[in-house]
Amino acid sequence: MKFYGKYPSLRLRRNRKSSWARRLVEENNISVNDLILPIFVTEGKNKIEEIKTMPGIYRYSIDKINNIVNKASKVKIPLVAIFPNTPKSKKDIIGSEALNENNLVCRAIRKIKKNNPEIGVMADVALDPYTSHGHDGVINKKQVLNDETIKILSKQAILQAEMGCDVIAPSDMMDGRVGIIRKSLDKNNHKDVQILSYSAKYASSFYGPFRNAIGSKQKNKINKKTYQMNYRNSEEAIREVALDIKEGADFVMIKPGLPYLDIIKSVKDNFKIPVFVYQVSGEYSMIKNGIKTGILDDESIIESLISFKRSGASAIVTYFALDIAKKI
Ligand code: PBG
């Protein structure tokens, strides 16, 4: 790196002397086009219930999702992501409900595409909202089975695409799932459906509040370390991303966000493709609680989101999307 000039003729504070001067030299910023809003859906009628572990975030019954989707559309958020709180009675060991065309996600997609065709809809492909054990795949003798699972996932992807889903997001971390999903989508005439692969998804403690939100939390802490990544590794993330691009991913996601800024940066440096990041539930709840108790102020939200932009992210899945879209 070459340095130009030195103190006292050079004073870097000069470019920070006033708001206008600072704005003039800003290197990174965030716009509403960068935001993806997660929406939780639940059974029943006329329900908007706050999630205890995620203050300010609600589960909506299908008849009420217009409320939040209209708000997202009004501020021009490009994409919403649907997550179902499947009732316990509909969960089983193989996650059959994932393939029910009247499950919560399918009904939500149909409704949103009908009422708000201007907004993109994304849905996860993974079994954890539907399995009684909370794992992202089918299990046999405590093993999460890879090849059996991805066959089901490809059917889940086709079903969601048939409902009108625009972006299919495999969040399960099985090997080979992007390839089989791309092939199945193409074979079934869904060539324009995009795949957002959760390529580097780490086995993280920061998913706690989310598992509570979709009711997949188990009595004993669930261990997903045989498929989600070890947080001690970074080169492995590059291999995961390389594979997913080869298999047909349109964009890739890094998850969680704040503890993994280095991964976003190195993926972006290595591959010239859109990199997304998921600011997960635990990150949301930490910041939200900090603000609620007066330890942090509101600006901490923007600061966390800009750090993703600085590290190279194109778009951010964040529970703050609506709040922030209104402010920027
Ligand atoms: C499920 C899934 C998870 C999240 C998104 N999709 C949790 C998990 O893998 O256990 C986490 C999101 C969040 O914490 O906000 N495959």
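Our subject is the structure listed above.
What counts, and where the lines are drawn
- Residues numbered from 1 in each chain as written.
- Predicted model: local features only at pLDDT ≥ 70, side-chain atom pairs only at ≥ 80, totals over all residues.
- Heavy atoms only, no water.
- Buried < 20%, exposed > 50% of the residue type's maximum accessible area, 1.4 Å probe, protein only.
- Helix = DSSP H or I, 4+ residues; strand = E, 2+ residues; numbered from the N terminus.
- Arc of directions from axis to C-beta.
- Contact = heavy atoms within 4.5 Å.
- Axes fitted to C-alpha atoms, helices over the stretch in contact; angles between N-to-C directions.
- Parallel < 35°, antiparallel > 145°, perpendicular 65-115°, else oblique.
- Left-handed = near helix turned anticlockwise from the far one by under 90°.
- Nonpolar A, V, L, I, M, F, W, Y, C, P; charged D, E, K, R; others polar.
- Near = heavy atom within 4 Å.
- Polar contact = N/O pair within 3.5 Å; in protein donor to acceptor, adjacent residues only side chain to side chain.
- Areas by Shrake-Rupley, 256 points an atom, 1.4 Å probe, with all protein chains shown as cover.
- Disulfide = S-S within 2.5 Å.
- Lys, Arg positive; Asp, Glu negative; His and termini not counted.
- Salt bridge = Lys/Arg side-chain N within 4 Å of Asp/Glu carboxyl O.

Colleague: Help me understand helix α2 (residues 65-74), please; the structure alone is not making it clear to me.
Modeller: Within an α-helix, residues lying three or four positions from one another point in the same direction, as the helix has 3.6 residues per turn. Within the span of α2, buried status applies to Ile 65, Ile 68, Val 69, Ala 72 and Ser 73. The buried side chains of α2 occupy one side of the element, clustering within an arc of 140 degrees when seen end-on. Of the surrounding elements, those touching the buried residues of α2 are β1 (35-42), β3 (58-61), β4 (79-85), α3 (104-115) and α11 (321-327). One or two positions beyond α2, positive phi appears at Lys 76, with a value near 70 degrees.

Colleague: Would you mind going over the packing of helix α7 (residues 235-247) against helix α8 (residues 261-270) with me for this structure?
Modeller: Packed helix pairs are specified by the crossing angle of their axes together with the interaxial distance, meaning the distance between the axes. Running from N to C, α7 and α8 cross one another at 50 degrees; their axes reach a closest spacing of 10 Å. With respect to their mutual orientation, α7 and α8 come out oblique. The handedness of the crossing between α7 and α8 comes out as right-handed. Together, Ala 237, Ile 238 and Val 241 of α7 and Ile 263, Ser 266, Val 267 and Asn 270 of α8 make up the contact between the two elements. Residue composition of the contact of α7 with α8, grouped by class: 5 nonpolar, 2 polar and no charged.

Colleague: I would appreciate a short explanation of the environment of Thr 86 in the present structure.
Modeller: With respect to the helices and strands, the residue Thr 86 is situated in the loop between β4 and α3. Take Thr 86: its relative accessible area is 6%, and that puts it in the buried class. C-alpha separation for the pair Thr 86 and Pro 129, spaced 43 residues apart in sequence, amounts to 6.2 Å. Residues contacting Thr 86, with those up to four places away along its chain left out, are Lys 91, Glu 97, Leu 104, Pro 129, Tyr 130 and Ile 214.

Colleague: Sorry if this is basic, but what is going on with the site of the ligand here?
Modeller: As a structural note, the neighbourhood of the ligand is formed by 17 residues, with Arg 211, Lys 224, Lys 255, Ser 281 and Tyr 319 the closest of them. Ser 171 places a polar side-chain atom, nitrogen or oxygen, 3.0 Å from a nitrogen atom of the ligand. Separating an oxygen atom of the ligand from a side-chain N or O atom of Ser 281 is a distance of 2.7 Å. Calculation on the ligand without its partners gives an accessible area of 400 Å², and the protein chains cover 100% of this total. Looking at the shell around the ligand residue by residue, the classes come out as 7 nonpolar, 3 polar and 7 charged.

Colleague: I keep staring at the state of the cysteines and nothing clicks. Help me out?
Modeller: Here a disulfide denotes a covalent bond joining the sulfur atom of one cysteine to the sulfur atom of another. What the rule picks out here adds up to 0 disulfides. The thiol sulfur of Cys 106 is not disulfide-bonded, and the nearest other cysteine sulfur, from Cys 165, lies at 9.1 Å. Judged by relative accessible area, which is 2%, Cys 165 ranks as buried.

Colleague: Is there a simple way to think about the side chain of Glu 283 in this case?
Modeller: Within the secondary structure, Glu 283 sits in helix α9 (residues 281-292). At 9.1 Å, Lys 255 is the nearest oppositely charged side chain to Glu 283, a buried residue that forms no salt bridge. Aside from chain neighbours lying at most four places away, what touches Glu 283 is Phe 206, Pro 256, Gly 257, Leu 258, Pro 259, Tyr 278 and Phe 308.

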